[in-house]
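# Coordinate inspection notes
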Amino acid sequence: MEQPLIDIWWAAVTAVRGDNAVQTSLDVTSIAPVDRILAVGKAACDMARPALEMFPDAPCLIVTKHNHTTALPRQAQIIEAGHPVPDAASLEGGTALLNAIKSSKASDHVLVLVSGGASAVAEVLPNNLTLDTWQAETQTMVGSGADIHAINTRRKQISQIKGGKLLSAFGGARITTLAVSDVEGDDLMVIGSGIGAAPANPHFAFEARLVATNERARTAAQSVSDTQVIKNEECLYDDVNALAPRLGATLRDGPAGIYIFGGEPTVELPPSPGRGGRNQALALLMAREIAGLSDIQILVAGTDGSDGPTGDAGGLVDGTTWGAGAEDALLRADAGSFLADAGALLTTGPTGTNVMDLMIARKK
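Everything numeric in this text was worked out from a predicted model, so none of it was measured.

### Thoughts on the nonpolar core
Counting 44 residues, the largest nonpolar core has Ile37, Ile62, Leu111 and Leu113 as its most contacted members. Take this core: its biggest share by element is six residues, from helix α3 (residues 44-54). When near neighbours in sequence (up to four residues on either side) are disregarded, Leu113 contacts Ile37, Leu38, Ala39, Val40, Met47, Ala48, Ala51 and Leu178. Counting residues in hydrophobic clusters, the runner-up holds 34 residues, among them Leu98, Val112, Leu188 and Val190.

### Re unusual backbone geometry
Look at the link from His83 to Pro84: it is a cis peptide, with omega at 5 degrees. Looking at where Pro84 falls in the secondary structure, it is placed in the loop between β3 (76-81) and α4 (88-102). The phi angle at Ala333 is positive, at roughly 55 degrees, despite the residue not being glycine. Its place among the elements puts Ala333 in the loop between α12 (326-331) and α13 (335-341).

### Considering the side chain of Ser225
Turning to its location among the elements, Ser225 is positioned in the loop between α9 (214-224) and β7 (229-236). Within the local environment of Ser225, its side chain forms a polar contact with the backbone oxygen of Thr227, the two atoms lying 2.7 Å apart. Non-local contacts of Ser225, meaning those with residues more than four positions away in its chain, are made with Gln3, Ile8 and Ile258.

### A closer look at the pairing of strand β12 (residues 357-363)
Counting buried positions along β12 yields seven of seven residues, so the element is predominantly enclosed. Bridge analysis of strand β8 (residues 257-263) against β12 gives seven bridges, and the strand direction is antiparallel. Bridge pairing in β12 places Gly263 opposite Asp357. One ladder, built from seven bridges, connects strand β9 (residues 296-302) with β12; its direction is antiparallel. Counterpart to Ile298 in the pairing with β12 is Ala361.

### Structural notes on the sheet that holds strand β4 (residues 109-114)
One open sheet accounts for six strands, arranged β3-β2-β1-β4-β5-β6; its pairing is parallel. The open sheet has two edge strands, β3 and β6 (205-212), and neither has a second partner. Adjacent strand axes in the sheet meet at a mean angle of 15 degrees when their direction is disregarded. Bridge count for strand β2 (residues 60-65) against β3 is six bridges, and the pairing is parallel. Paired with Val63 across the bridge in β3 is Ile79.

### Describing the pattern of salt bridges
By the definition in use, this model includes 18 salt bridges. Residue Arg209 pairs with Glu207 through a salt bridge whose shortest N-O separation is 3.2 Å. Residue classification places Arg209 among the buried positions, given a relative accessible area of 11%. One salt bridge connects Asp226 with Arg362, and the closest N-O pair in it is separated by 3.8 Å. Taken together, the residues Asp226 in the loop between α9 and β7 and Arg362 in strand β12 connect sequence positions 136 residues apart. The exposure class assigned to Asp226 is partly exposed, which follows from its relative accessible area of 46%.

### Topic: the packing of helix α10 (residues 240-253) against helix α11 (residues 278-289)
With their axes 9 Å apart at the nearest point, α10 and α11 run at an angle of 45 degrees to one another. With respect to each other, α10 and α11 are oriented oblique. Note on packing geometry: the crossing formed by α10 with α11 is right-handed. Across the interface between the two elements, Val240, Asn241, Leu243, Ala244, Pro245, Leu247, Gly248, Leu251 and Arg252 of α10 pack against Arg278, Ala281, Leu282, Leu285, Met286 and Glu289 of α11.

### Digging into the state of the cysteines
This structure, assessed with the given rule, holds zero disulfides. The thiol of Cys60 is not disulfide-bonded; the next cysteine sulfur, from Cys45, is found 8.3 Å away.

### Overview of the sheet that holds β7
Spatial ordering of the open sheet is given by β7-β8-β12-β9-β10-β11, a layout of six strands whose pairing is mixed. Unpaired on one side and paired on the other, β7 and β11 (345-346) mark the two borders of the sheet. Of the pairings in the sheet, the one linking β9 to strand β10 (residues 314-318) comprises five bridges and is antiparallel in character. Note on β10: the bridge partner recorded for Ile298 is Val317. Against the sheet, α9 contacts β7, β8 and β12, and its axis sits at roughly 165 degrees relative to β7. In the packing of α11 onto the sheet, the strands contacted are β9, β10, β11 and β12, and the crossing angle to β9 comes to about 170 degrees.

The rules we used
Residues numbered from 1 in each chain as written. Predicted model: local features only at pLDDT ≥ 70, side-chain atom pairs only at ≥ 80, totals over all residues. Heavy atoms only, no water. Core = buried A, V, L, I, M, F, W, Y, C linked by side-chain atoms within 4.5 Å. Buried < 20%, exposed > 50% of the residue type's maximum accessible area, 1.4 Å probe, protein only. Helix = DSSP H or I, 4+ residues; strand = E, 2+ residues; numbered from the N terminus. Contact = heavy atoms within 4.5 Å. Polar contact = N/O pair within 3.5 Å; in protein donor to acceptor, adjacent residues only side chain to side chain. Pairing = 2+ DSSP bridges. Axes fitted to C-alpha atoms, helices over the stretch in contact; angles between N-to-C directions. Salt bridge = Lys/Arg side-chain N within 4 Å of Asp/Glu carboxyl O. Parallel < 35°, antiparallel > 145°, perpendicular 65-115°, else oblique. Left-handed = near helix turned anticlockwise from the far one by under 90°. Disulfide = S-S within 2.5 Å.

Here's what the structure looks like:
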């Protein structure tokens, strides 16, 4: 029986899930006793769970995306906030993180757990910038097709807690940061816009570890594949309209087998976009590339289980998906509606991780 692509995708996601990644890191590398746990991002709850099991007496503050809370011990304080556009709760979360850092004792060791989404769910704005203004600017950046590096550069410019600024307020002895990377290059100063990065010349002991990356997810996908893997590359770094023809040609001209691609493409949105995000748009564009072919199936999805402002992860398409109305749906940035009607929309719910996106294709 042919292995479903969704099973390969879930194997990749499970390998980098926040709880698994943090548990592995804590098991492999010893860590000094922790006095406080701070977790921020989409995978914050999952990342915090093994840390709380190891350090049950440590106070824990979690700031995560709305509807991304999972069961945790009662001592965990949880704030849910907006993503990808921050909301009032994001300011609450950012202030709570800053206050926790500032309240540390001189001997304290704080464990900071960071995952993608931290840039939006936690923020402290300068006095001359209102939330409304920042929300409008963020929406413009997200809709313009700007990549995450450009967006995070601007976030670090205005934020009072990004780019090492949060930890610069620390008066304790040691900080250990564990990070799930959702950016190209896995740079701690870019993950969460540097919310878990140390300032230059820190006055405390600092250690940082990457516990999950797109590469690790793709490696896990390859390891469970029951078919030869032809390509395994982190190459999804372009506008979806430019990526689709290149990847389509790769699949059409290549040999039979599994193709695994990772990264984070961009998409430019019209003034009033419909339902969908970059993964749903790319999935529908790939459907156009393989229209009429019976030997190729493609899954495109965000590893966090969400895509843009939607609760859907992406799409699962084949040679029969493309049809009447598809072109118009792309023009209106409404790929999600078309995929839903075609039975090709992929909805998984929150996954407990965020290592960018995956495309997994099978050619028979």
